[in-house]
Each structure stands twice: as C-alpha cells, then as structure tokens.
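If you want the building blocks of each chain, they are given just below.
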Amino acid sequence: MEKRAQFGTRAGFILAAVGSAIGLGNIWRFPAVAYENGGGAFFIPYLFALLTAGIPLLVLEFTIGHKYRGSAPLSYFRMNKKTEWLGWWQVLVAFVISTYYAVIIAWAMSYSVFAFNKGWGDDTEGFLFGEYLKLSVDPGQTGGIVGGVFIPLVLVWIITLGILFKGVKKGIEVANKIFIPALVILFLIIVVRALTLPGALDGLDAFFKPDFSKIADPGVWVAAYGQIFFSLSIAFAIMITYSSYLPKKSDITNNAFITGFSNSGFELLAGIGVFAALGFMAQSQGVGVEEVVSGGVGLAFVVFPQIINEFPALNGLFGFLFFASLVLAGLSSLISISETYVAAVQEKFGLSRTKAVAFGGGLSAVISILFATQGGLYFLDVADYFINQFGVAFIGLVEVVVVAWFLRKINTFRDHSNGISDIQLGGWWKVCLGVITPIVLGWMMFGLFKMNLLKEFDTDTGNYEGYSNAFILYSGWFVAAFALIVGVAFTFKRWHSKTEAESYKEVS
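Residues numbered from 1 in each chain as written. Predicted model: local features only at pLDDT ≥ 70, side-chain atom pairs only at ≥ 80, totals over all residues. Heavy atoms only, no water.

An unreviewed UniProt entry lists the chain under the name Sodium-dependent transporter, with Rossellomorea oryzaecorticis as the source organism. Under the UniProt heading Subcellular location (unreviewed entry), the note attached to the chain is "Membrane". (UniProt positions renumbered as here; feature names shortened; annotations may be inferred.)

Below, the structure written as structure tokens:
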C-alpha cells in the first residue's frame, strides 16, 4: 500500500488546484489586462493561449507529479537525476513569493474590517500609504514594524500553518472545500450588486467592447499568454506537488480542463464585477470609464475604497464582501504555495510533516515581517516584479525545453495520461508543448530582458520605478538569482534514505 498522503476525493483535488490558481491576480490583474489589450477582442488570444499553453502545461505538471509521486524536486530527480535543480528552483521561487504574498492578504484582512465604517476616509490613497502602511522611509530602509500590518500577518500565518499541519486530506482538502465555494458565493453577491448600480452598463461596455485592431499586435498575444501563465500557478511547483497526492487511477486530462476553465471563468466573473463597479465610479465622478481604470494594489486598496465610499446603501457590507473575497482567494493560494516547500523539505531531509511545516513555514513567516515594516512596500514591489518576471516565466520556459527538447519525455507523459484519462492527448499536445509554448515564452523572456536587463544600470532613473542601482541589485536581481543558486546548491545534499527506499513506486 502506498504510504504517500492523498486527497480523499477528486473534488477535493480539483478545488485545491482551482484554489491555487484563483488568487489575487484574478481579481485585480485580469480585468485591467483585458481592458488594455482589446477588451472583448482580447478573449480570442486569451482562449487560444489557454488551449495551447495553459491546459497543456497543466496536463504536463499533473502528469509529472502523478507519475513520479513526489514534490517538484523529487519528481524531477526521479525523472532524471540531472534535473533535480529545476524542481528546487521552482520551490525556492514559491518560497520567496509566499513571504510577501502573506502580507498582501494581511492588508485585505485589515481592509475587510475598515470597510464597515469606511476607516480609510475620503483620501484612500493617502490613507493606504500614509496612515496604514506608514510609508515614511526611503527605498531600502526598513523603519519600524507597522502594527496594523503585523497583527493580521500573524493571523494569516496561524491559519495557513494550522491548515498545513493538518496534512493533505484533513487540512488542505477540507480548507479548500470551505474557501472556494465561499469565495464564489461572496463574489457572485458582489457582481449581482455591482450590476444594479447606475453606470454599471457603461463599465461593462468598456470591458467587453472589442477592439479587433489590436489582434494584430504581437504584444496583445504575449499579454494573453502571460495572463494565462501567471494565473494558473504553472511553474512554481504547486501543480506537481498537488498531483502527487492524487490516487493512482485519476483522470489527469479532465482535471486539467476543469481547473483551467474554472480559473478562466472566475477571471471573467471578476472582470464583470470590477468593471461594473468602475462604471458606477466613473458616472459618480462625471468622467469616462477610462479615467478610473486601474489594476493591482491600486485597484484593490485605493480605487475600490473610493467606490465603496460612493455606494448608495450598505456600502460597509459590500466592502467587507470584496475584501473578504481577497482574503479567501489569497489564503487558498498561499496554502498551495507553502505546501511546495513543506513537501520538498520533508522528503529531502526525511522530516516529519510537523517539523517540515514548522521549519519551512516558520522561516517564511519570519522573513515576511520585513514586508510589514515602514519600508516594506518598496521591498515587496521590487521582489514581486523580479521574481515574477525573471523567475516564474523563465522557469516555465526552461521546464518545457528540458522536458520536451532535452529529455524527450512528451511521448512518455502522453501515454501515461492517456492510460487513465477520458480525453486522449494527441499530436496537438506535442505541438503545443514542443513548439508553440517554447516560442511564445522565449519571445516573452527576450522582450523582458531587452526591456529591463539592458537598461537597468544605465542611470538611476532607468531602473524599475526609478529605484537606485543598489536597491534594485540586492532586493531585485539578487532575490531572483537567489532562487536559482540555492536551488542548485540543494542538489548537492543527498536525499534521505527513506525517501527513495520506501516511498517510490512509479505509476505506470
């Protein structure tokens, strides 16, 4: 009998995978990306990217984890001993992301409380940066710990680590069976309420109105692939780790399609809710929708509080539902991100799950305090930019090239998936992974390096957001390089004897 932990039900796995994919970016990144890249016309390259990169990569990672029965490093080690470093690279990127992702969830927790009495006041931007984050130091300086961020941050980690301590079936599966349905219900309420607001139709018209002229722009297609890639939790060890907990007889391809389309469905729902609310805000201020469109932290913590301030009734409840949705989406993703390094450390060093959670999760929690300081936002901004641009996307390119071109494992994985799946993979899957995805990701990385690497050190003003050379070097480039260097270093440590001797029987 296999001793490895398993999900108790197929629904439990799917909800966990969907919970990982649906994160903060679905709510605050997708709507703005779609609007800026052709509105309704953007859905053409978006759907194409989902079918030629998103779902094929999900199938690939589900198959790797299911076949080799291990965390990302162990699965790559069992695939080929020379590729273990790739798994550790993915895990270390996930580790870095978890340290600052938890802080953003803490912000959302605070704002869900502020929503009841509109504690952010009329100047929402000034409140966020001045009163709440207390951003009063220069980039590179930490200042003191901000109590209003630190306290909810502790709560975030108590919840996350408490769930991880419970394990896969009793912790991760149970949590996602609660979080994901609750998230969908809360956001449906938000969307329905937003659609009843004056100006909502103007917002939806701005969101869905197609600009087909942009379809010919290669940048729009790159944006579509980038959105699919970043929103599906691909290439940072999550899907490999989660699928390693699947029972031996599991429909991999169907699971991938359900996960991919569920994620995209929620992104569409988020776009409707966000732009209906933006349309209301634009009408309230007597400006065009284009004047109020925003994304990222600005949308969630500056623009939405402004929208809530102008709500005709029950604005406190609407605000609470919105920020509670961010908390649920964030927690489900943070749990999955943290599980990657918990599982990897547990297997590499032969630790108990309790010790692995305490060590890996505890270390991440301690480091996250850096982002709860007065200068924490600067560190968060640079770390997030560099680890995503030169970590996740680059890893995805390397992963596909290694598996498809160097190891030539595509046929092996296709046969494995077809043996247990209803939907059979054919030549399209090989073409997507062997040709389309590497070309698109390669073009993305070429553009990113050309735009950033070559100009970063020209002058201080040439750097990302105008930060100094030194700050960019140690909080940006060094963080991105850290994940790769430490990942390679981990490969020199031998696996704990029990890891190979007792826990592995390849699923054929």
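**Q** Any chance you could explain the overall build of the chain here in plain terms?
**A** When its secondary structure is counted, the chain shows 21 helices and 0 strands. Radius of gyration (C-alpha) of the chain: 22 Å, near the 23 Å computed for a compact globule of 508 residues. Referenced to the eigenvectors of the C-alpha coordinate spread, the extents of the chain come out at roughly 65 × 50 × 50 Å. By residue count, 59% of the 508 residues in the chain fall in the buried class. (Helix = DSSP H or I, 4+ residues; strand = E, 2+ residues; numbered from the N terminus. Rg over C-alpha atoms; globule rule 2.2 N^0.38 Å. Buried < 20%, exposed > 50% of the residue type's maximum accessible area, 1.4 Å probe, protein only.)

**Q** Please explain the layout of surface pockets as it appears in this structure.
**A** Unoccupied space between atoms shows up once a probe the size of one water molecule is rolled over them. Approximately 1500 Å³ is the volume attributed to the largest pocket. As for the largest pocket, its lining consists of 48 residues, of which Arg 29, Phe 230, Asp 384, Asn 388 and Gln 389 are closest to the centre. In terms of residue class, the lining of the largest pocket is made up of 26 nonpolar, 17 polar and 5 charged. (1 Å grid on protein atoms, 1.4 Å probe; cavity = no way out; pocket = protein on both sides within 12 Å on 5 of 7 lines; lining within 4 Å. Points joined across faces, edges and corners; volume = space filled by probe spheres on them. Nonpolar A, V, L, I, M, F, W, Y, C, P; charged D, E, K, R; others polar.)

**Q** Hey, could you run me through empty space enclosed by the protein in this one?
**A** One pass over the structure, following the stated rule, counts 2 cavities of 30 Å³ or more. Of the voids in this model, the largest cavity is the one considered here, and its volume is about 50 Å³. Considering the residues around the largest cavity, the lining is formed by Trp 107, Leu 133, Leu 135, Val 149, Phe 371, Ala 372, Thr 373, Gln 374, Gly 376 and Leu 377. Its residues assigned to classes, the lining of the largest cavity shows 7 nonpolar, 3 polar and no charged.

**Q** Please clarify how the packing of aromatic side chains should be interpreted in this entry.
**A** In this description, an aromatic ring pair is defined by two values, namely the gap between the centres and the angle between the planes. In the structure shown here, the tally under the stated rule is 51 aromatic pairs. Seen in terms of ring centroids, Phe 114 and Phe 127 are 5.4 Å apart; in terms of plane orientation they differ by 90 degrees. Their pairing is edge-to-face. Of this pair, Phe 114 sits in helix α6 (residues 84-114) while Phe 127 is found in helix α7 (residues 124-132), placing the two residues 13 residues apart along the sequence. A relative accessible area of 22% places Phe 114 in the partly exposed class. Judged by relative accessible area, Phe 127 falls into the buried class, the value being 8%. An angle of 85 degrees between the planes, with centres 5.6 Å apart, marks the rings of Phe 114 and Tyr 132 as edge-to-face. Taken together, the positions of Phe 114 in helix α6 and Tyr 132 in helix α7 put the pair 18 residues apart, joining distant regions of the chain. Judged by its relative accessible area of 4%, Tyr 132 is buried. Through successive ring pairs, a cluster of aromatic residues spans Trp 28, Trp 107, Tyr 111, Phe 114, Trp 120, Phe 127, Tyr 132, Phe 301, Phe 304, Phe 322 and Phe 323. The ring of Tyr 68 has Lys 67 sitting right over it, with the charged end atom 5.9 Å from the ring centre. Taking the ring centre of Trp 495 as reference, the NZ or CZ of Lys 348 above it sits at 4.4 Å. (Phe/Tyr/Trp six-rings, centres within 6.5 Å; stacked < 30°, edge-to-face > 60°. Lys NZ or Arg CZ within 6 Å of the ring centre and 35° of its normal.)

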